[in-house]
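The lines below spell out each chain.
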Amino acid sequence: MSLEILVDKKETGVLYLTPIGSIDSETYQELEKEAHKLLCAVPKAIVLDLARLKYISSMGLSVLVKMEKTLQQHKGELII
């Protein structure tokens, strides 16, 4: 299965991340790379829109947990 990741910045310090498709053992690294890029910008929040996500494996959930922990360290938040 494939994964497309849309990133949008609608307001200062807030990034919107929309994964489309499936996050599984073959695609979770794509999400991980994109998350790393976003986290390097040290946003105050990342809004995660999962409406177009068809499937997420435990590896994909692990990426989300890592994102949340990193954001918390910088006083940011992950909004799902």
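Please refer to the structure higher up on the page.
Here's a quick rundown of the structure. Computed from a predicted model, the values in this text were never measured in an experiment.

Rules used throughout
- Residues numbered from 1 in each chain as written.
- Predicted model: local features only at pLDDT ≥ 70, side-chain atom pairs only at ≥ 80, totals over all residues.
- Heavy atoms only, no water.
- Phe/Tyr/Trp six-rings, centres within 6.5 Å; stacked < 30°, edge-to-face > 60°.
- Lys NZ or Arg CZ within 6 Å of the ring centre and 35° of its normal.
- Helix = DSSP H or I, 4+ residues; strand = E, 2+ residues; numbered from the N terminus.
- Expected span 1.5 Å × (residues − 1).
- Buried < 20%, exposed > 50% of the residue type's maximum accessible area, 1.4 Å probe, protein only.
- Arc of directions from axis to C-beta.
- Salt bridge = Lys/Arg side-chain N within 4 Å of Asp/Glu carboxyl O.
- Pairing = 2+ DSSP bridges.
- Right-handed = clockwise from strand over helix to strand, strands pointing away.

**Structural notes on the packing of aromatic side chains**
(1) Moving on: A full pass over the atoms with the stated rule returns 0 aromatic pairs.
(2) Moving on: Here Lys10 stacks its cationic end above the ring of Tyr16, 4.8 Å away from the centre of that ring.

**Here we look at helix α1 (residues 28-40)**
An α-helix turns once every 3.6 residues. As a result, residues three or four positions apart point the same way.
(1) Moving on: Here α1 spans 18 Å end to end across 13 residues, near enough to the 18 Å set by a 1.5 Å rise per residue.
(2) Moving on: Residues of α1 that are buried: Tyr28, Leu31, Glu34, Ala35, Leu38 and Leu39. Taken around the axis of α1, the buried residues stretch over an arc of 135°, which confines them to a single face. In α1, the exposed positions angled more than 90 degrees off the buried face are occupied by Lys33, His36, Lys37 and Cys40.

**Examining the pattern of salt bridges**
(1) Moving on: Counting across every chain of the model gives 2 salt bridges.
(2) Moving on: In this structure, the salt-bridge partner of Glu32 is Lys66, at a minimum N-O distance of 3.6 Å. Taken together, the residues Glu32 in helix α1 and Lys66 in helix α2 (residues 58-73) connect sequence positions 34 residues apart.
(3) Moving on: On the accessibility criterion, Glu32 (30% relative accessible area) is partly exposed.

**Regarding the pairing of strand β2 (residues 14-23)**
(1) Moving on: Burial within β2 is extensive, with 9 of its 10 residues counted as buried.
(2) Moving on: Sheet analysis places strand β1 (residues 3-11) next to β2, joined by 8 bridges and oriented antiparallel. The partner of Leu6 across the bridge, within β2, is Thr18.
(3) Moving on: Adjacent in sequence and paired antiparallel, β1 and β2 are bridged by 2 residues, among which Gly13 carries a positive phi angle near 80°.
(4) Moving on: Of the strand pairs in this sheet, β2 and strand β3 (residues 45-48) are connected by 4 bridges, and their pairing is parallel. Residue pairing across strands places Val14 opposite Ala45, the latter belonging to β3.
(5) Moving on: The handedness of the β2 to β3 crossover, carried by α1, is right-handed.
(6) Moving on: The pairing of β2 with strand β4 (residues 53-56) spans 3 bridges and is parallel. Paired with Gly21 across the two strands is Leu53, which belongs to β4.

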